Amino acid sequence: MSSLTRDDGLEGKVAVISGAGSGIGRALAVAYARAGAKTVAGYFPGDPHDVHETVDAVVEAGGECLPVPVDVRDSDQVDRLAAAAVRQFGSLDIAVASAGILRRAPLDEMTDDAWNDMLSVDLTGVLRTFRSCARLMGEGGGSMVAVSSIAGGVCGWDDHAHYAASKSGLLGLCRSQLALKPAQPGRARAQRTCPPFPVCEGAAGQMPAMPSRPRW
């Protein structure tokens, strides 16, 4: 069956996506539009990418998209991002935490600020997004997705310990939400995806030859 005609059960659903100004976030907004879902596109104002290109792509795909500025390091801003979905579209069914930063820092040169800023966006920013959206999902619950990485999610990455640590932490966050139990009515379920480096725009120029997964 064609991917353009298949029924994904997303018709009429509402998705909040952080980091929707480019890359994976933008691609998901367009994919959701093709499946009949509406999106709230969270974007960081300091990002050089133009979020209106995301909006235009969603509209071209036949969907609706509301751009909302957000810094996922700020809980109040993330709360406003989630609330925008209910205010504009009447519900909130899906949350995708795609916002992230990628910076090189050798371990012996890494400052506390560099470590804390990375985790505040790439790990705690996901928590904030999940928390704010879970509070507004209806009685039927919803779906929450964290965009992780093979760095940390599968293997390490030299000079990027803070990035790999944050992405590895998403595994525990999502597993804890699932609590290794069957889905409960009214409870949002969480999962993560580990994309390879080629689909991550921020990895350009930093991508090393990744080692094979170690056997412990």
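Residues numbered from 1 in each chain as written. Predicted model: local features only at pLDDT ≥ 70, side-chain atom pairs only at ≥ 80, totals over all residues. Heavy atoms only, no water.

1. Re helix α2 (residues 51–60)
In an α-helix there are 3.6 residues to a turn, and that puts residues three or four apart on one side. Within the sequence span of α2, burial applies to Val51, Thr54, Val55 and Val58. Projected down its long axis, α2 carries its buried residues within an arc of 100°, all on one side. In this structure, α2 carries Asp56 and Glu60 as exposed residues pointing more than 90 degrees from its buried face. In this structure, the buried residues of α2 make contact with α1 (23–34), β2 (38–43) and β3 (65–69). (Buried < 20%, exposed > 50% of the residue type's maximum accessible area, 1.4 Å probe, protein only. Helix = DSSP H or I, 4+ residues; strand = E, 2+ residues; numbered from the N terminus. Arc of directions from axis to C-beta. Contact = heavy atoms within 4.5 Å.)

2. With respect to the nonpolar core
Counting residues in hydrophobic clusters, the biggest one holds 32 residues, and the most contacted among them are Val16, Val40, Leu92, Phe130 and Cys133. Looking at which element gives the most residues to this core, the answer is helix α3 (residues 75–89), with 6 residues. Setting aside its immediate chain neighbours within four residues, Val16 contacts Val40, Leu81, Ala82, Ala85, Leu92, Ile94, Ala95, Val96 and Cys133. Judged by nonpolar contacts, the second largest core, of 19 residues, contains Leu10, Ala37, Val55 and Val96. (Core = buried A, V, L, I, M, F, W, Y, C linked by side-chain atoms within 4.5 Å.)

3. Section: α1
Between its first and last C-alpha atoms α1 spans 17 Å; for 12 residues at 1.5 Å apiece the expected length is 16 Å, and the two agree. Taken residue by residue, α1 has Gly25, Arg26, Ala29, Val30, Tyr32 and Ala33 as its buried positions. Viewed end-on, α1 has its buried residues packed into an arc of 160°, placing them on one side of the element. Lining the buried residues of α1 we find β1 (14–18), β2, α2 and β4 (94–97). Count one or two residues on from α1 and you reach Gly36, which has phi positive near 95°. (Expected span 1.5 Å × (residues − 1).)

4. Focus: the side chain of His160
Locating His160 in the fold gives a position in the loop between α6 (150–153) and α7 (161–178). Looking at His160, the relative accessible area reads 2%, which means it is buried. From its side chain, His160 meets the backbone oxygen of Asp158 in a polar contact 3.0 Å long. (Polar contact = N/O pair within 3.5 Å; in protein donor to acceptor, adjacent residues only side chain to side chain.)

5. Here's the deal with the packing of aromatic side chains
Taken as a whole and assessed by the stated rule, the structure comprises 1 aromatic pair. Seen from their ring centres, Trp157 and Tyr163 are 5.8 Å apart, and the 80° between their planes marks the pair as edge-to-face. A residue is classified by how much of its surface remains accessible, and Tyr163, at 6% relative accessible area, is buried. (Phe/Tyr/Trp six-rings, centres within 6.5 Å; stacked < 30°, edge-to-face > 60°.)

6. Brief notes about the packing of α3 against helix α5 (residues 124–134)
For the pair α3 and α5, the least separation of the axes is 9 Å and the interaxial angle reads 45°. In terms of orientation, α3 lies oblique with respect to α5. As α3 runs across α5, the sense of the crossing is right-handed. Between α3 and α5, the residues in contact are Ser75, Val78, Asp79 and Ala82 and Arg128, Thr129, Arg131, Ser132 and Cys133, respectively. Its residues placed into classes, the contact of α3 with α5 shows 3 nonpolar, 3 polar and 3 charged. (Axes fitted to C-alpha atoms, helices over the stretch in contact; angles between N-to-C directions. Parallel < 35°, antiparallel > 145°, perpendicular 65-115°, else oblique. Left-handed = near helix turned anticlockwise from the far one by under 90°. Nonpolar A, V, L, I, M, F, W, Y, C, P; charged D, E, K, R; others polar.)

7. Observations concerning unusual backbone geometry
Of note, Asp159 is a non-glycine position whose phi angle comes to about 70°, a positive value. Checked against the element boundaries, Asp159 lands in the loop between α6 and α7.

8. Considering the packing of helix α4 (residues 112–122) against α5
Orientation of α4 relative to α5, taken along the N-to-C sense of each, is 25°, at an axis distance of 3 Å. On the basis of their axis angle, the class for α4 and α5 is roughly parallel. Of the residues in α5, those touching α4 at Leu119, Ser120, Val121 and Asp122 are Thr124, Gly125, Val126 and Arg128. Considering only residue class, the contact of α4 with α5 consists of 3 nonpolar, 3 polar and 2 charged.

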